[in-house]
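Descriptive structure summary
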Amino acid sequence: MIIDAGVDDYKNLVEVHFGSQTAYDVAINDLQSDIYSVSVVDYVPQEDVGLSPGEGVTTSSTGGATFSVACRVRRSEPGGGYTYGFLTCAHAFSGNSNVYKNTGSGTNTLLGICYSFNQHYSGNADVAFIQTNSSVTAYNTVYTTTTTLTSSYPTSYGIGTVVYKKGYGMSMVESGTVQCNNYSVTINNVQFTDLVKAGYYRAGGDSGGIVYTAPSSGYASPAGIHKGGVTTTSEHYGFFTKMYNALAALQSGPLTYSPY
């Protein structure tokens, strides 16, 4: 199999790279000329894909986005170093699942994987960690905005505090004030506690999106992960998992998670 090929104008020859020695041996007799540079390589070309807080993703290799991502985080490893990824909502998954970005080509681009042990769906958190591939560039600027997220997050959510939400479901950034900072809700027979209820508009697809503090000089703190809410002709609000609860829910022994 040819991995890549093309004219190298600088070297004035045609480069042909094969993915295996077997493929090279089959074709080399037809490429015996000084105009060719033929070799076996062990790399695989990859698309460079960027992912931003509040952007839409899916578990399907085809089709459009169905939920959103919150913010980039890294997991510390016992031997040193980090594993990088994004936070989202656990209710988007059922066991291990690949995660894709719709890049407009009909076939979605693989972003990474969300393992079941990196999902928490109960109590004070609805959170999951998507472990992204090395080819994915993780941005900390909220999608479609100029607001950059910091690595610090709130430890309190005062009544009347303004928060902002960005997800795939609503095309615009929505904002509202905190109405309750210890909200409880039961969904699909699972009870959740210590959520934050805020008066912003939401829609299907916003789940997993980022909720952040009011921007100041272009910067804001990741406040939490949008979970759900109500939008009717008479009332609207959303509720979200607090960031510190989400990070604590994922922690396992010495493995810690933190925005960066």
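Everything discussed here concerns the structure shown above.
Scope of this entry: the structure provided in the associated data block.

Cut-off values and rules
Along each chain, the written sequence defines residue order, and numbers are assigned to residues from 1. Totals for whole chains, interfaces and linings use every residue, but because this is a predicted model, local features are given only for residues with pLDDT of at least 70 and side-chain atom pairs only at 80 or more, for both listing and counting. Hydrogens and waters are ignored; side-chain quantities use all the structure's heavy atoms. The numbering of helices and of strands both runs from the N terminus, where a helix is a DSSP run of H or I of at least 4 residues and a strand a run of E of at least 2. Burial classes follow relative accessibility: with a 1.4 Å probe on protein chains only, a residue under 20% of its type's maximum area counts as buried, one over 50% as exposed, and anything between as partly exposed. The contact rule is simple, with two residues in contact once any of their heavy atoms fall within 4.5 Å. When DSSP finds at least two bridges between two strands, those strands are taken to pair. For Phe, Tyr and Trp, rings pair up if their centres lie within 6.5 Å, where Trp contributes its six-membered ring, and each pair is then called stacked (planes under 30 degrees apart), edge-to-face (over 60) or tilted (otherwise).

A word on the side chain of Ser68. Checked against the element boundaries, Ser68 lands in strand β6 (residues 67-68). The exposure class assigned to Ser68 is buried, which follows from its relative accessible area of 0%. Setting aside its immediate chain neighbours within four residues, Ser68 contacts Gly54, Glu55, Gly56, Val57, Thr88, Gly167, Tyr168, Gly205, Asp206, Ser207, Gly208 and Gly209.

Moving on to the pairing of strand β1 (residues 2-8). Judged from the 6 bridges that link them, β1 and strand β2 (residues 13-18) form a sheet pairing that is antiparallel. Looking at the pairing, Ala5 lines up with Val16 of β2. The antiparallel hairpin formed by β1 and β2 contains 4 residues in its connecting segment, where Asn12 sits at a positive phi of about 60°.

Before going further, it helps to spend a moment on the environment of Ala90. Inspection of the secondary structure puts Ala90 in the loop between β8 (82-88) and β9 (97-101). Of the residues examined, Ala90 reaches a relative accessible area of 4% and is grouped as buried. Taking the C-alpha atoms as reference, Ala90 lies 8.0 Å from Gly208; in sequence the two are 118 residues apart. The residues touching Ala90, leaving out its near neighbours within four places in the chain, are Gln119, His120, Tyr121, Asp126, Val127 and Ala128.

Moving on: the packing of aromatic side chains. Using the criterion set out here, one finds 12 aromatic pairs in the structure. Pairing Tyr157 with Tyr244 gives two aromatic rings, centres 6.2 Å apart and planes at 40°, and the pair type is tilted. Separated by 87 residues along the polypeptide, Tyr157 in the loop between β14 (148-149) and β15 (162-166) and Tyr244 in helix α2 (residues 243-250) bring together distant segments of the chain. On the basis of an interplanar angle of 35° and a centroid distance of 5.7 Å, the ring pair of Tyr183 and Phe239 is categorised as tilted. On the criterion of sequence distance, the pair formed by Tyr183 in strand β16 (residues 174-187) and Phe239 in strand β21 (residues 236-242) is long-range, its members being 56 residues apart. By relative accessible area, which is 16% here, Tyr183 ends up buried.

Geometric values such as these leave the question of function open.
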